[in-house]
Amino acid sequence: MNVASFISTFDAQRGSAGFDDYKDVMEIIEHVRSDGDRALHDYTAQFDNQTLDTFKVDKAALKDSYDAISSEEREALETIKRRIEHYQKSIKYTDMDHGEFRYVYHPLEKIGVYVPGGTALYPSSVLMTVVPALVAGVKEIHVVTPTFEENNITFAALYICGIENVYKVGGAQAIAALAYGTQTVPKVDKIVGPGNYYVALAKRLLFGEVGIDMIAGPSEILIYVDQDAHIDAIVYDLFAQAEHDANARTFLISEDESIIKKIEERLEQMLANQPRSSIIRASIKDNHYAVVDSQEALISMINHIAPEHVSIQHRDADRIIRNIKYAGAVFNGYYSPEAIGDYAAGPSHVLPTDKTGRFSHGLNVNDFLTSHAVISLEKTTYEDIVEPAKTIARREQLDAHYQSLNIRTE
Ligand SMILES: NC(=O)c1ccc[n+]([C@@H]2O[C@H](COP(=O)([O-])OP(=O)(O)OC[C@H]3O[C@@H](n4cnc5c(N)ncnc54)[C@H](O)[C@@H]3O)[C@@H](O)[C@H]2O)c1
Ligand SMILES: [Zn+2]
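Residues numbered from 1 in each chain as written. Chains lettered and ligands numbered in written order. Predicted model: local features only at pLDDT ≥ 70, side-chain atom pairs only at ≥ 80, totals over all residues.

- As annotated in an unreviewed UniProt entry, the protein is Histidinol dehydrogenase from Salinicoccus sesuvii.

Here is the structure:
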């Protein structure tokens, strides 16, 4: 496929929710708003087949989960946690002081984190959302997750992060609970974290009622290779994306058609042995690769679709990457596969998908800060800028504004 038709196919496939989907999720939200815990109870029975007396997870249950995982797993979580902390500290915004202007940051007071449960456990998502919030200095963190089994690694990861407020509830109802508050789940200032379609729709609908990080939907990757690509490694990189979700998207791009053919052939051979082959098969479409005739075409394609993950495994990677403006995260070279980013590189794996990287960014420590300016003008500065301000105030016919400015010049 050429680049123009690739882009138009991508744009045509962009997920836009229909009215009926919104209607269903709005109904859930409304029910939680009016009936609180009772609605959570009903939806958890309906969608998760769980009848719960209470949603709050006991502190002791978190500790039990920690005790139940292997020492190797414990060490892995702790090592990754330190790695994430180190990275997030290094990019945290700091106050600026320019005398008459200061710009100051403060951590959010109370946040909600959605950790997906449903079909899999995501201890990695715990670390990738909670650790940046802790580095920011957020004091109160409330975690919702449809994780119902005892002694699980998600709870162990929460224990390692020192989180005490955990609620067993998922889907749109969990987002609504954090947005409005119920008898058990408190109302928070901002909700972060990835989730499925219903979670994403609820976040969209509740933005404004509560802060929302971004819309992180089904995962995407664009991999650009040259003729020296390590074929089996590229196939696994594609599978790693595709196995997340039948709606995940993988794009394989090269200037060299023969390497694409070789990768595609190998992909067919290797697919049979993949444990999640049916999800992979559903998500890798026939038209997921494209041949570009120049690197400029590649770069404009990347900047147009702002893929969640861009992996450049090509001899000109540095030059190409300097020209990428919009992407969730960029992975440079053979030793920076996307899978290392999912777990251990440091930056959060919670990233914008479906072109929203053109206006938003991956979750990071600064998403848990709010900021404001402090204005402390000296008389001389005031006198320098008051006349233009008065002119505009007069033109806007806001007389009290004009007088407030003018009285200080008399
Ligand atoms: N971008 C990232 O960083 C990242 C990381 C981890 C996971 N994910 C994504 O998170 C998602 C996890 O999805 P999941 O479904 O396994 O877990 P989930 O926790 O997001 O959703 C499960 C919940 O959905 C609700 N639900 C299920 N069917 C419903 C229906 N018909 N109507 C209303 N609500 C319904 C249920 O209440 C259930 O608790 C995947 O798409 C995965 O790719 C993304
Ligand atoms: Zn992944």
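From this point, things continue past the structure.
## Points about the site of ligand 1
Logical step 1: Of all residues adjacent to ligand 1, which total 26 residues, the nearest are G118, P146, G170, G171 and G195.
Logical step 2: For the shell around ligand 1, the secondary-structure elements that each account for two or more residues are α3 (37-48), α8 (171-180) and α9 (197-206).
Logical step 3: When its residues are assigned to classes, the shell around ligand 1 shows 13 nonpolar, 11 polar and two charged.
Logical step 4: Formed jointly, the shell around ligand 1 draws a minimum of three residues from each of two domains, domain 1 (19-212) and domain 2 (225-360). (Near = placed C-beta within 6 Å. Helix = DSSP H or I, 4+ residues; strand = E, 2+ residues; numbered from the N terminus. Nonpolar A, V, L, I, M, F, W, Y, C, P; charged D, E, K, R; others polar. Domains from an automatic or database assignment.)

## Overview of unusual backbone geometry
Logical step 1: Even without being a glycine, D354 presents a positive backbone phi close to 55°.
Logical step 2: With respect to the helices and strands, D354 occurs in the loop between α15 (338-343) and β13 (369-375).
Logical step 3: Its 22 C-beta neighbours within 10 Å are what place D354 among the buried residues.
Logical step 4: For Q397, which is not a glycine, the phi torsion comes out positive at approximately 60°.
Logical step 5: Looking at Q397, the number of C-beta atoms within 10 Å reads 8, which means it is exposed. (Buried ≥ 20, exposed ≤ 12 C-beta atoms within 10 Å, placed from the backbone.)

## A look at the confidence of the model for the protein
In low-pLDDT segments, the atomic positions of the prediction should not be examined closely.
Logical step 1: Per-chain confidence: the protein averages 95 in pLDDT, with 98% of residues scoring 70 or above.
Logical step 2: The ipTM value of the predicted complex is 0.97, and its pTM value is 0.93. (pLDDT = per-residue confidence, 0-100.)

## A closer look at the sheet that holds strand β4 (residues 140-144)
Logical step 1: The strand order β5-β4-β3-β6-β7 describes an open sheet built from five strands, whose pairing is parallel. Both outer strands of the open sheet, β5 (165-167) and β7 (211-212), are each paired with one neighbouring strand and no more.
Logical step 2: One ladder, built from two bridges, connects strand β6 (residues 190-192) with β7; its direction is parallel. Residue pairing across strands places K190 opposite G211, the latter belonging to β7. (Pairing = 2+ DSSP bridges.)

## Considering the domain arrangement of the protein
Logical step 1: By the assigned domains, the protein splits into domain 1 (19-212), domain 2 (225-360) and domain 3 (377-409).
Logical step 2: Domain 2 and domain 3 are separated by 56 Å when their C-alpha centres are compared.

## Regarding the pairing of strand β3 (residues 110-114)
Logical step 1: Across the five residues of β3, four count as buried, placing the element largely inside the fold.
Logical step 2: Between β3 and its parallel partner β4, the chain crosses via helix α6 (residues 123-136), and the hand of that crossover is right-handed.
Logical step 3: Relative to β6, β3 is paired through three bridges, and the arrangement is parallel. The residue bridging V113 from the neighbouring strand is V192, located in β6. (Right-handed = clockwise from strand over helix to strand, strands pointing away.)

## Here's the deal with helix α7 (residues 153-160)
Logical step 1: A large share of α7 lies buried, amounting to eight of its eight residues.
Logical step 2: Within α7, the full set of buried residues consists of I153, T154, F155, A156, A157, L158, Y159 and I160.
Logical step 3: Here the buried face of α7 lies against α4 (59-68), α5 (71-91), α6, β4 and β5.
Logical step 4: One or two steps after α7, the chain reaches G162, where phi turns positive at roughly 75°. (Contact = placed C-beta atoms within 7 Å.)

## Considerations on the packing of α5 against α6
Logical step 1: Interaxial distance between α5 and α6 falls to 9 Å at its minimum, and their mutual angle equals 40°. In terms of their interaxial angle, α5 and α6 are classed as oblique. Relative to α6, the crossing made by α5 is right-handed. Packed against α5, whose contacting residues are L77, I80, K81, I84, E85, Q88 and K89, the element α6 presents P123, L127, M128, V131, P132 and V135 at the interface.
Logical step 2: Each residue belonging to the contact of α5 with α6 can be placed in one class, and the counts come to nine nonpolar, one polar and three charged. (Axes fitted to C-alpha atoms, helices over the stretch in contact; angles between N-to-C directions. Parallel < 35°, antiparallel > 145°, perpendicular 65-115°, else oblique. Left-handed = near helix turned anticlockwise from the far one by under 90°.)

## Here's the deal with the sheet that holds strand β2 (residues 101-107)
What holds strands together in a sheet is hydrogen bonding between their backbones, with the strands either parallel or antiparallel.
Logical step 1: Strand order in the open sheet formed by three strands is β1-β2-β13, and the pairing between neighbours is antiparallel. The open sheet has two free edges, formed respectively by β1 (96-98) and β13, since each of these has just one partner strand. Neighbour-to-neighbour, the strand axes of this sheet turn through a mean angle of 20°, independent of strand direction.
Logical step 2: The sheet contact formed by β1 and β2 spans three bridges and is antiparallel. Residue pairing across strands places D97 opposite R102, the latter belonging to β2.

## Quick word on α3
Along an α-helix, residues three or four apart share an orientation, since each turn contains 3.6 residues.
Logical step 1: Here α3 contains 12 residues, and its C-alpha end-to-end distance of 15 Å stays within 8% of the 16 Å for a straight helix at 1.5 Å per residue.
Logical step 2: Looking only at α3, the buried set comprises A39, L40, H41, Y43 and T44.
Logical step 3: The positive-phi residue at the C-terminal boundary of α3 is N49, with phi of around 55°. (Expected span 1.5 Å × (residues − 1).)

## Concerning the nonpolar core
Logical step 1: If you look at the biggest cluster of nonpolar residues, it comprises 105 residues, and the most contacted ones within it are V130, L158, A172, I175, A176 and A202.
Logical step 2: Element by element, the count of residues in this core is highest for α6, at nine residues.
Logical step 3: Taken together, domain 1 (19-212) and domain 2 (225-360) each give at least three residues to this core, which thus spans both.
Logical step 4: The residues touching I175, leaving out its near neighbours within four places in the chain, are Y114, I191, V199, A202, K203 and L206. (Core = buried A, V, L, I, M, F, W, Y, C linked by C-beta atoms within 7 Å.)

## Re the pairing of β13
Logical step 1: Burial of β13 is sparse: only zero of the seven residues sit out of reach of the surface.
Logical step 2: Bridge count for β2 against β13 is seven bridges, and the pairing is antiparallel. The partner of F101 across the bridge, within β13, is I375.

## Thoughts on the environment of I375
Logical step 1: Of note, I375 is situated in strand β13.
Logical step 2: Note on I375: 9 C-beta atoms within 10 Å, which makes it exposed.
Logical step 3: In this structure, the C-alpha to C-alpha distance between I375 and P388, residues 13 residues apart in sequence, is 18 Å.

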